[in-house]
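Survey of secondary and tertiary structure
Chain by chain, the residues:
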Amino acid sequence: MNVKSILSAIALALALPAQLRADGIIKGPYLQNPTTKEISVCWVSDAVEAGTVTYARTLPGGKTSNTHVARESKPVQFHKVRLKDLQPYSVYEYEVECAGKKSGLSTFLTAAPVEQPFKFIAYGDTRTQPDKHAAVIARMRKFHPDFVTQSGDLVANGESEPLWDEFWRVVAPLVRETPYYPSLGNHEVNGAPYFRYFDVKREYSFDYGNAHFVSIDTNRPPSEHKAQEKWLRKDLESHQNATWRIVFFHHTPYTCSVTESRRVDSVSLRARLEPIFMKEKVQLVITGHDHNYQHHFANGIHYIVSGGGGAPLYDFRLDTPFTKKARKAYHDCEITVNGDKMGIRVVEPNGSVIEEFYLRAAP
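Residues numbered from 1 in each chain as written. Predicted model: local features only at pLDDT ≥ 70, side-chain atom pairs only at ≥ 80, totals over all residues. Heavy atoms only, no water.

Let's shift gears to the pairing of strand β12 (residues 204-208). Going residue by residue along β12, you find Tyr204, Phe206 and Tyr208 tucked away on one face and Ser205 and Asp207 left uncovered on the opposite face. Here β12 runs beside strand β13 (residues 211-215); their pairing, made up of five bridges, is antiparallel. Residue Tyr204 lies in a different strand from β13, and its bridge partner there is Ser215. Where β12 hands over to β13, the hairpin turn is made up of two residues, of which Gly209 adopts a positive phi near 60°. (Buried < 20%, exposed > 50% of the residue type's maximum accessible area, 1.4 Å probe, protein only. Helix = DSSP H or I, 4+ residues; strand = E, 2+ residues; numbered from the N terminus. Pairing = 2+ DSSP bridges.)

Right, here's the structure in full:
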């Protein structure tokens, strides 16, 4: 190798994100489950090790507060360190150290309190084409979301570790600074690696600002439907004081797909779930599964199909009375919440706007 090649190799290594150069930290760090006072910093190490997270609140003028250190009590390979006693909707600098390697400084933002406007991104179906997914991620980062929801099919085969390696490589610049809420798709194959990476259950919910979010697993067999529906009803019933109730999952209850079997499946799914959404006053449902963008409006509920995260795109047919908009395109949904107002802008990686619309929560 000549001198020029050596210098080029060094430059490339220095240009890589720190977490990709740290041998002890092979995935991450990434952020999960923020509240106004807590957040989880996660990563995966190449061996069973105990790590630390050093963090400090960012103050006006670029200064930081006193530095805190959270230490793991035992060695593990899949790390989930919960930071506590934080300030609401505040920026913190943090760094992970594991096996003598450091991730480099990054930042996180704690969750918004009820009165605080916030913004988030919804997207899904990121499998198969990492270059397309990377282009969507680059667009998402320009929006600077407070968090991201992903409606399933993160990878083409959830049992394949090389595909997860590829996924974490693509999302690394985003998830080290933005909390990521996933939902199970059919390609996660019941999710054994999924649950090692993500600190979530098959069904889970969280509050952010004045909104309540619910994620469910629509891969469940019929024998488990009643239990799922009971859980969903109870969760939504107990959060009627939230201004917004938003549900996200993989399979779509409304579709204009050209594939007839998908239309049949959607009718069955909405017959099961939509009565619950209507009774519990859900305003927005976000799904994936169909690899395109669709916006449907039915029975007072807006249904977004956001399956343009990277998987091969699908055709659609506009013969459905509930469809407001459809586009065969890679995209993300950039959503802003300010009190009882919500703005939704759907954007392609090149910045082209597919659709922009606004919702108002009923008093």
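Now that the structure has been shown, the text picks up again.
What follows deals with the packing of aromatic side chains. Between two aromatic rings, the relevant description is the distance of the centres plus the angle of the planes. The tally for this structure, following the rule as stated, stands at 32 aromatic pairs. On the basis of an interplanar angle of 70° and a centroid distance of 6.1 Å, the ring pair of Phe167 and Tyr180 is categorised as edge-to-face. Taken together, the residues span a long stretch of sequence, with Phe167 in helix α4 (residues 161-175) and Tyr180 in strand β11 (residues 180-182) at a distance of 13 residues. When sorted by exposure, Phe167 lands in the same class as Tyr180, which is buried. Relative to Phe206, the ring of Tyr181 has its centre 3.7 Å away and its plane inclined at 5°; by these criteria the two rings are stacked. Residue Tyr181 is found in strand β11, and its partner Phe206 is found in strand β12; the two are separated by 25 residues along the sequence. On the basis of relative accessible area, Tyr181 is assigned to the buried category, the value being 1%. An aromatic cluster of at least three residues, connected via ring pairs, comprises Tyr30, Phe78, Tyr123, Trp164, Phe167, Trp168, Tyr180, Tyr194, Phe195, Tyr197 and Phe198. Positioned above the aromatic ring of Phe143 is the side chain of Lys119, whose terminal nitrogen or guanidinium carbon lies 4.8 Å from the ring centre. Across from the ring centre of Tyr254, 4.3 Å away, lies the NZ or CZ of Arg270, which sits over that ring. (Phe/Tyr/Trp six-rings, centres within 6.5 Å; stacked < 30°, edge-to-face > 60°. Lys NZ or Arg CZ within 6 Å of the ring centre and 35° of its normal.)

Moving on, we come to unusual backbone geometry. Here Gly28 and Pro29 are connected by a cis peptide whose omega angle stands at 10°. Summarising the element assignment, Pro29 is placed in strand β1 (residues 25-32). Phi at Ala99 is positive, roughly 55°, even though this residue is not glycine. Locating Ala99 in the fold gives a position in the loop between β6 (91-98) and β7 (101-102).

Before going further, it helps to spend a moment on the side chain of Thr110. Tracing the backbone through its elements, the reader meets Thr110 in the loop between β8 (106-109) and β9 (118-123). In terms of polar contacts, Thr110 uses its side chain to reach the backbone carbonyl oxygen of Gln87, at 2.6 Å. A distance of 2.8 Å separates a polar atom in the side chain of Thr110 from the backbone nitrogen of Ser90. Leaving out residues up to four positions away in the same chain, Thr110 has contacts with Thr35, Thr36, Leu86, Gln87, Pro88, Tyr89, Ser90, Tyr92 and Tyr208. (Polar contact = N/O pair within 3.5 Å; in protein donor to acceptor, adjacent residues only side chain to side chain. Contact = heavy atoms within 4.5 Å.)

A few words on the confidence of the model for the chain. Looking at the chain as a whole, the pLDDT averages 93, with 94% of positions reaching at least 70. Counting contacts from residues 1-22, a segment whose pLDDT is below 50, to residues more than four positions away or on other chains yields 15 contacts. (pLDDT = per-residue confidence, 0-100.)

With the rule as written, the count across this model stands at 19 salt bridges. Among the ionic pairs, Asp340 bridges to Lys341, the shortest N-O distance being 3.6 Å. For Asp340, a relative accessible area of 28% corresponds to the partly exposed category. (Salt bridge = Lys/Arg side-chain N within 4 Å of Asp/Glu carboxyl O.)

Turning next to the sheet that holds β9. Here we have six strands laid out as an open sheet, ordered β11-β10-β9-β19-β20-β21, and mixed in their pairing. Each edge of the sheet is formed by a strand with only one pairing partner; in this case those strands are β11 and β21 (353-360). Between one strand axis and the next, the sheet turns by 20° as a mean value, whatever way the strands run. As paired strands, β9 and strand β19 (residues 332-338) are joined by five bridges and run antiparallel to one another. From the neighbouring strand, Phe118 faces β19, where its bridge partner is Val337. Most of the contacts of helix α3 (residues 130-143) go to β9, to which it runs at about 170°, and overall it touches β9, β10 (147-150), β19 and β20 (341-347). (Axes fitted to C-alpha atoms, helices over the stretch in contact; angles between N-to-C directions.)

It is worth spelling out the environment of Ile137 at this point. Inspection of the secondary structure assignment puts Ile137 in helix α3. On the accessibility criterion, Ile137 (3% relative accessible area) is buried. Expressed as a C-alpha distance, the spacing of Ile137 and His331, which sit 194 residues apart in the sequence, is 9.5 Å. The residues contacting Ile137, other than those within four sequence positions of it, are Tyr123, Val170, Val171 and Leu174.

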